[in-house]
Structures are given as structure tokens and as C-alpha cells.
Amino acid sequence: MKRIRRLGGRVFLVAALACMAFGSAAAGAALKVGMVTDAGTIDDKSFNQGTWEGVLKAEKELGVQVKYLKPGGTTEADYLKEIGNLYDAGYRFIVTPGFKFETSIHKAQNKYPNGKFVLLDGTPHKGDYAPEVGENTVSIFFAEHEAGFMAGFASALQLKEGPVGFVGGMEIPPVQKFNWGFQQGVAFANERYGTKITMTPENFVYQGSFDNVAAGQQLAASMYDRGVRAIFAAAGGVGVGVINEAKTRAASGKEAWVIGVDVDQYAEGIYDGQKSIILTSAMKRIDQAAYDLIKTELEGKFPGGRTLIFNAANNGVGIPVRNPNLDEKTQRTADEIFAKLQAGGIVVAAEQKGLIK
Amino acid sequence: MEIWNIVAQIFPYAVAFTVPLLITSLGGLFSERSGVVNIGLEGLMVMGFFAAAVTVKGIEDLLPSGAIPIGLLAAALGGALFSLLHAFASINLNADQIISGTAINMMASAVTIYLARTFTGSGNIRIRTGILRRDIPWLADVPGLGPLLFSQTYWTTWLVLLLLAISWFLLYRTSFGLRLRACGEHPSSAASAGVNVYFMRYMGVTISGAFAGLGGGIILVTYSGEFNGSVAGLGFLALAALIFGQWKPLGVLGATLFFGFAATVANVSQVIPQLAVIPPLLLKSFPYVVTLAALVLFSRSSRAPRASGQPYYPGQG
């Protein structure tokens, strides 16, 4: 009796081991994708969230294993520590959002030659801003000016006349490019489609930070008071103040539009039922970029050592597919222009020349 | 007249910015006048900010019109409850009030972010709409003052001004106020006259908590619209305004209005061509430079409550 029981136990053990072996074999096939977050939460409605959504999409559609870690601070050492933790846990494909990772990834790409790194919106360097993209790293940039162009164009077409404005955060290249593209988009609509949108220097400002909500609200209020109909807010927390001011105005029955940034901000502008003050949004498809790169790795085509630009041509930037506040004709024309932008029929400059700020 | 138009245009926004500062500073006044230094105002504001956000978010669909008043009530309650920690440490345990206040500040942002994530799954809590600004009927049309004071106002502004008036009355025209102030000047004399120093100090700190919490709640329902775990140093600014205003209700009103107006001018200067000629850095640093200068000038004749910051030991001389 005892013997049988022991035998039974042994069979069970073998079966269990077999199962485990099988299980680990299946898991071994799956790529482990890790992410380290930048300052802010995973649901920041911006870079972290966008990146993570792309990673989650890869989990669902491509069957990779995923995990994110949130560093204790925002120094190079904090980032490196979490990159190391992911690496040691077997997550050898690591995605990091934002330029703050530039020096950490530069160290990581040398320290972990078997790891693979994707740096969104930045390029690795050792602190001297001389790009050094390792063979195991891909650096990704976005053509913000093209996203700004599409948002400016669609907004101008929808509003037809009156002044528009811009509130930026810090005066740094990604924000500036949004602004410059936006102005070109508006000008393009004025020139080719007969709209009469005006742009004056006092309505194109950089607040100087990404977190001064009160200043965002006050800037927006002053602009709307002076007749501005729509404000393009590329300003993080300052933009929260802009959106809040527009919501307050819209809820009292006054016109006030905001053009969102980075992600489709329609839901953030809802003030009543389904009505939102977000006209459209100038999007960087961060999620798409993260997803695409994971896919290249699975297909064995990881473009290590290269710097990729996500732009209109590869669907990396643009405005949302659905914009409830744009009428059908505007949307259709915007889609046509986007196709032209993709084909290279329209070129948007990524520099200031002749524009406001 | 150009300048007048500009002032009239930005004044309502300056008032909106001033109000949370004013009520928080007034709260600090109660605490310090009772003899307890409260540098935890910043943390108490964050607590109220958070309590209001959770409450409004939770009930805005069920009770669209009642959500904001209830949210503000929750903010005051949240601030008052949280301030009890400071009261207990500094009144019962005779702890160093600066350290206790610092602890309040450090705890508030950590606790609220943690709770926010637990409740709503996000560190940021957005409410659908805040208070709508209104012109006061016919008063807004009065030439001169109308556009300044009675146009584009939030009802919370009037609430806070009412609280200011009540506070003044309470402090200077009632026995409660006299006792409270006595506890901040000479607690053992007050005790020998039969005043319960512990009770009065608890009242002072709790009122400061409620007012600072209300200040945080007002930020949410007026200009911010979203809880994000920080009130950007307004609590410390309120503390500076308290000193600048020499621990007097009207002084505090003047000091906070000065801050509010100067900060608003700095914020919107870029949009207004007539102001854009002044370097923004100059405008942004202006209120702080003036405060520093004022603190240095007044330091000799400063009227700080004499026992403020000192623990009270029954029977001390």
C-alpha cells in the first residue's frame, strides 16, 4: 500500500515536473519586454502611458511578456538601477520614454551588450549631446512639426476665421516644433482654402514650465478675453489649466476651443455629457512606435544602431482618426492633406524661419 | 485708460488666484494666534485639494449641482482632521512644531498620491467642471468698481470674504477671540484666568486645517480642475503672507491680494503687448523680492504672537 502510494507520488511529481518544463518552454519562447517610466505616473496621459499602451498591445497581439518599473527618482542612477533590475529579471528588451533617459541608455547599452534598448524621443549620449547609438539600441524621434501642421490646418479649416493662439511649456525643440508646424498648418489653410485665421505674436507664448496650472489658466483666460477662439496647448500641466479654463467657459455657453497635444485629449476636455472643448489633437503615436519596435525584434529585424524618425509618412504622427468637433468636410479635407503630407507633396519646415517664436 | 482696461481685465483672475491663498493664510493666523506655528499649511492644502477631488469626482454624476459645495465641505473636513495630527504632536506631546509641520507637508503629498491611485487608479483626479464664473447682476455694471470686483466672480470668493469678516469679528469682538489670542501671547496668564489653553490651541490648529483644506478645495474647483498631488508652494506663500500681513486679518488680505495680483501680472504679461515689454523674469521675481525686503524691514517691529512656536507646560511661569 505504502509502496503504491509512493509510486503514485512519484508519478505525480514527474507529471508536475513535465508540466513545469513545458510551461517554461512556452514562456521561454515569449520575449520579455520591460519598460522604465519617466517622471510621473504610468497613467500620465502622456509619454509613460503612451509607451505602456504600445507595450500592452504587443502583449495582447504578439504574446510578449511585459513589466514596467517606476524609478524612485529621475536621476541617471535611478534609471540605471531599474534598467538593471529589469535586465536581471530576464527582461532583455527595454523601452524607455523621454529624453531624460539619454545618458542612462548610453551607459546601459555598453553595460548590457545582450540587452536591447529603445529610447523614445531621445538619443543616447554620454552627457555631451554627441549622439552615440549602440548596436543594440534604437533611438526614436517624432516629427512634431508635422503633427502641429495637421492640427493647425484642421483647426483653421473648421474655425474659418478669427485669431488662434499657442501656449507652450518650456521653449525646447519638441515644443517649438509643434508650434512652428501649427503656424504653417494655419497659414496653409489661409493660403489654399481661403480661411481667415489670424496669428499675432502676443498669442504665441511659452509659459516656461510644464507644471504651473494657475499660469496656464490665466494665460488662456486672457487670450480668450482678447478674442482668441482656439489655443494649441503643448505644455503638460500648464495645458491642464488651459483645458480647465476652456471647459469653464464652454459650460457657461461661451466659445472656447483647445487643440490637444501628444495623445488624443478629447476625453480630457469633456464638460457636459459627451461634449468636449478639444477641437483636435496633435498626436505623436508613441504607442505605435513602442509596438512597432517590439514587432521588429520578434521578426528578427531589430534596427539596432539606427535613429528612426516617426513622421506622417510612417503614420507616427498626425491627428486622431475621429474628431467629433470637426465636421465631415473638414475631416475629409484633412485626410486628403495628410495623404499628401505622407506622399511628400507637402513639406513642413522643422525650423522657425519667418514664424512667430 | 489703456492701463485701466488691462487692470480691469486681469483683476478677476488675480482675485481667483488670491482667494485660496487668503483663506489658507487666515487659517495660519488662527493657529499662530493660538500659539502654534503651522508650517504644515502646504500639506493641509494638498489634503483638502485631494478630499475635494475624490468627493466631487465620486458624486458629480449623481448630484451635479451639489457636488462642489459638498466637495468643499469635505476639503475643509479633510484638512481639519489631518491637522489634528499636528495639534496632537505639538500641543499634547510638546513636539517641535516646525518638525511636526514639516512632517505634515511630507506626509500629505505621499498619502494623497497613494490614496488617489488606490481609489481611482490614477495619481491625477480630474473633475468634469468646476464653478462657473458669474457677473453679479447690476453691481457688475457700476463704473469703475463693477468690472474689478463684481464681474467674472466665483461664489467661493464671496464665501471666503464672508469667512474673513467672521474671523475678524471672532478674533476681536468675542471672548473666544480674546482667549485665543491670549494663549498665543502668554498662555500661563491665560490659564491662570481659567482659560483651557489646550482646548484653545486645538481650536486654532483645527480651524487652520479646515481653512487650508478649503483653500486646497477652492484651487480644484476654480482654476485647476484636476488634482495632481501638489499646490505648487501656495501653502508656504500663505505663510509668508501671514508674516507680511503682521498676523492681522486685514493685513493678510492686503498681503495675499498683493501676491495674487503680482503673480497674475507675471503670468499673463506675455499675452498683453503693453506688459510684454517688461522682462518676464523681473515680473515673476517681483512679489518675492518685495516680500524679502518687507520681511527685513519689518523684522524689528514684527508683531508675531509672543508664545507662538513654544510648547505650553501647565504651571510654567
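Conventions and cut-offs
- Residues numbered from 1 in each chain as written.
- Chains lettered and ligands numbered in written order.
- Predicted model: local features only at pLDDT ≥ 70, side-chain atom pairs only at ≥ 80, totals over all residues.
- Helix = DSSP H or I, 4+ residues; strand = E, 2+ residues; numbered from the N terminus.
- Buried ≥ 20, exposed ≤ 12 C-beta atoms within 10 Å, placed from the backbone.
- Contact = placed C-beta atoms within 7 Å.
- Rg over C-alpha atoms; globule rule 2.2 N^0.38 Å.
- Expected span 1.5 Å × (residues − 1).
- Arc of directions from axis to C-beta.
- Domains from an automatic or database assignment.
- Nonpolar A, V, L, I, M, F, W, Y, C, P; charged D, E, K, R; others polar.
- pLDDT = per-residue confidence, 0-100.
- Pairing = 2+ DSSP bridges.
- Axes fitted to C-alpha atoms, helices over the stretch in contact; angles between N-to-C directions.
- Parallel < 35°, antiparallel > 145°, perpendicular 65-115°, else oblique.
- Left-handed = near helix turned anticlockwise from the far one by under 90°.
- Core = buried A, V, L, I, M, F, W, Y, C linked by C-beta atoms within 7 Å.
- Right-handed = clockwise from strand over helix to strand, strands pointing away.

**Some points on the overall build of chain A**
And then number 1: When helices and strands are counted, chain A shows 10 helices and 15 strands.
And then number 2: Seen through its principal axes, chain A has C-alpha atoms that stretch 90 × 50 × 40 Å.
And then number 3: Residues counted as buried form 53% of the 357 residues belonging to chain A.
And then number 4: Within chain A, counting contacts between residues at least 6 apart in sequence, those at least 24 apart form 69% of the total.

**Quick word on the overall build of chain B**
And then number 1: Within chain B one finds 13 helices and 2 strands.
And then number 2: Whereas a compact globule of 317 residues would reach a radius of gyration of roughly 20 Å, chain B reaches 20 Å, a difference of no more than 12%.
And then number 3: Referenced to the eigenvectors of the C-alpha coordinate spread, the extents of chain B come out at roughly 65 × 50 × 40 Å.
And then number 4: A total of 317 residues make up chain B; the buried ones form 49% of that total.

**Quick notes on helix 6 (residues 155-173) of chain B**
Residue and element names in this part refer to chain B.
And then number 1: With 19 residues, helix 6 should reach 27 Å at 1.5 Å per residue; the first-to-last C-alpha distance of 27 Å fits that figure.
And then number 2: Every buried residue of helix 6 is listed here: Thr156, Thr157, Val160 and Ser167. Looking down the long axis of helix 6, one finds its buried residues gathered within 105 degrees of arc, a one-sided arrangement. In helix 6, the exposed positions that point more than 90 degrees away from the buried face belong to Trp158, Leu162, Ala165, Ile166, Phe169 and Arg173.
And then number 3: For helix 6, the secondary structure elements touched by its buried residues are helix 1 (2-33), helix 9 (197-224) and helix 11 (249-268).

**Topic: the domain arrangement of chain A**
All names here are of chain A.
And then number 1: As assigned here, chain A comprises domain 1 (31-142 + 287-310) and domain 2 (144-284 + 327-343).
And then number 2: With centres defined by C-alpha atoms, the gap from domain 1 to domain 2 works out at 30 Å.
And then number 3: Of the residues lining the interface, 5 residues belong to domain 1; the matching set on domain 2 comes to 6 residues.
And then number 4: When grouped by side-chain class, the residues that make up the side of domain 1 that touches domain 2 number 1 nonpolar, 2 polar and 2 charged.

**Regarding helix 5 (residues 144-159) of chain A**
And then number 1: Between its first and last C-alpha atoms helix 5 of chain A spans 22 Å; for 16 residues at 1.5 Å apiece the expected length is 22 Å, and the two agree.
And then number 2: Within helix 5 of chain A, 16 of the 16 residues are buried, which leaves it mostly tucked inside the rest of the structure.

**Digging into the confidence of the model for chain B**
And then number 1: Put simply, chain B has an average pLDDT of 92, and 99% of its residues get 70 or more.
And then number 2: Interface predicted TM-score (ipTM) for the complex: 0.90; the corresponding pTM is 0.87.

**Details of the sheet that holds strand 3 (residues 93-97) of chain A**
All names here are of chain A.
And then number 1: Across the sheet, 6 strands lie side by side as 2-1-3-4-5-14; this open sheet has parallel pairing. Single-partner strands in this sheet number two, and they are strand 2 (65-69) and strand 14 (307-310). When the angles between neighbouring strand axes are averaged without regard to direction, this sheet yields 20 degrees.
And then number 2: Here strand 5 (residues 137-142) runs beside strand 14; their pairing, made up of 4 bridges, is parallel. Note that in strand 14 the partner of Ser139 across the bridge is Thr307.

**Concerning the interface of chain B and chain A**
And then number 1: Contacts between the two partners involve 27 residues from chain B and, on the opposite side, 27 residues from chain A.
And then number 2: Those elements that place two or more of their residues in the side of chain B that touches chain A are helix 1, helix 9, helix 11 and helix 12 (273-276) of chain B.
And then number 3: Top contributing element to the side of chain B that touches chain A by residue count: helix 1 of chain B, with 4 residues.

**Comments concerning the packing of helix 5 of chain A against helix 10 (residues 328-343) of chain A**
Residues and elements named next belong to chain A.
And then number 1: Contact geometry for helix 5 and helix 10: axes closest at 10 Å, N-to-C directions at 150 degrees. With respect to helix 10, the axis of helix 5 lies roughly antiparallel. Considering how the two elements wind past one another, helix 5 and helix 10 form a crossing that is right-handed. In this structure, helix 5 contributes Glu146, Met150, Phe153, Ala154, Leu157 and Gln158 to the contact, and helix 10 contributes Thr330, Thr333, Ala334, Ile337, Phe338 and Leu341.
And then number 2: When grouped by side-chain class, the residues that make up the contact of helix 5 with helix 10 number 8 nonpolar, 3 polar and 1 charged.

**Thoughts on the nonpolar core**
Note on soluble globular proteins: their nonpolar side chains tend to be buried together.
And then number 1: Counting residues in each nonpolar core, the largest one holds 181 residues, and the members touching the most others are Ile231 and Val258 of chain A.
And then number 2: When residues in this core are grouped by element, the largest group, 13 residues, is from helix 1 of chain B.
And then number 3: Structurally, this core is a two-domain feature, drawing no fewer than three residues from each of domain 1 (31-142 + 287-310) and domain 2 (144-284 + 327-343) of chain A.
And then number 4: Residues in contact with Ile231 of chain A, not counting those within four places in the same chain, are Gly165, Phe166, Val167, Ala220, Met223, Val242 and Val258 of chain A.
And then number 5: Among the nonpolar cores identified, the runner-up in size contains 7 residues, and Cys183, Val197, Met200 and Tyr312 of chain B belong to it.

**Considering the packing of helix 1 of chain B against helix 11 of chain B**
All names here are of chain B.
And then number 1: Close contact between helix 1 and helix 11 brings their axes to 7 Å; oriented N to C, the two are set at 140 degrees. Here helix 11 runs oblique to helix 1, going by the angle between their axes. Here helix 1 runs over helix 11; the crossing is right-handed. On helix 11, the residues touching Ile10, Tyr13, Ala14, Val15, Phe17, Thr18, Leu21, Leu22, Ser25, Leu26 and Leu29 of helix 1 are Pro249, Val252, Leu253, Thr256, Leu257, Phe259, Gly260, Phe261, Ala263, Thr264, Val265 and Val268.

**Quick look at the pairing of strand 13 (residues 278-284) of chain A**
Remark: a regular strand shows side chains that alternate across the two faces of the sheet.
Residues and elements named next belong to chain A.
And then number 1: Here strand 13 lies mainly inside the structure; 7 of its 7 residues are buried.
And then number 2: Across 5 bridges, the pairing between strand 10 (residues 257-262) and strand 13 is parallel. Within strand 13, the position partnered with Asp262 by the bridge is Met283.
And then number 3: Strand direction decides the pairing type here: strand 13 and strand 15 (residues 317-318), joined by 2 bridges, are antiparallel. Bridge pairing in strand 15 links Lys284 to Val317.

**Side note on the environment of Val195 of chain B**
Residue and element names in this part refer to chain B.
And then number 1: Position of Val195 relative to the elements: it lies in the loop between helix 8 (187-192) and helix 9.
And then number 2: Here the alpha-carbon distance between Val195 and Cys183, two residues 12 residues apart in the chain, equals 8.3 Å.
And then number 3: Not counting chain neighbours up to four residues away, the residues in contact with Val195 comprise Arg179, Ala182, Cys183, Ala190 and Met200.

**Points about unusual backbone geometry**
And then number 1: With a phi close to 65 degrees, Tyr129 of chain A is a non-glycine residue in the positive phi region.
And then number 2: Mapped onto the secondary structure, Tyr129 of chain A falls in the loop between strand 4 (116-120) and strand 5.
And then number 3: Notably, Trp138 of chain B is not glycine yet its phi reads approximately 50 degrees, a positive angle.
And then number 4: Position of Trp138 of chain B among the secondary structure elements: in the loop between strand 1 (125-126) and helix 5 (145-150).
And then number 5: The exposed category is assigned to Trp138 of chain B, around which 9 C-beta atoms lie within 10 Å.

**Focus on the pairing of strand 9 (residues 230-234) of chain A**
Residues and elements named next belong to chain A.
And then number 1: Extensive coverage of strand 9 is indicated by the burial of 5 of its 5 residues.
And then number 2: Along strand 9, one buried face is formed by Ala230, Phe232 and Ala234 and the opposite face, lined by Ile231 and Ala233, is buried too.
And then number 3: Alignment of strand 6 (residues 161-168) against strand 9, held across 5 bridges, turns out to be parallel. Bridge pairing in strand 9 places Val164 opposite Ala230.
And then number 4: Of the strand pairs in this sheet, strand 9 and strand 10 are connected by 3 bridges, and their pairing is parallel. Across the sheet, residue Phe232 finds its bridge partner in strand 10, namely Ile259.
And then number 5: Taken together, strand 9, helix 8 (residues 237-251) and strand 10 form a β-α-β motif whose crossover is right-handed.

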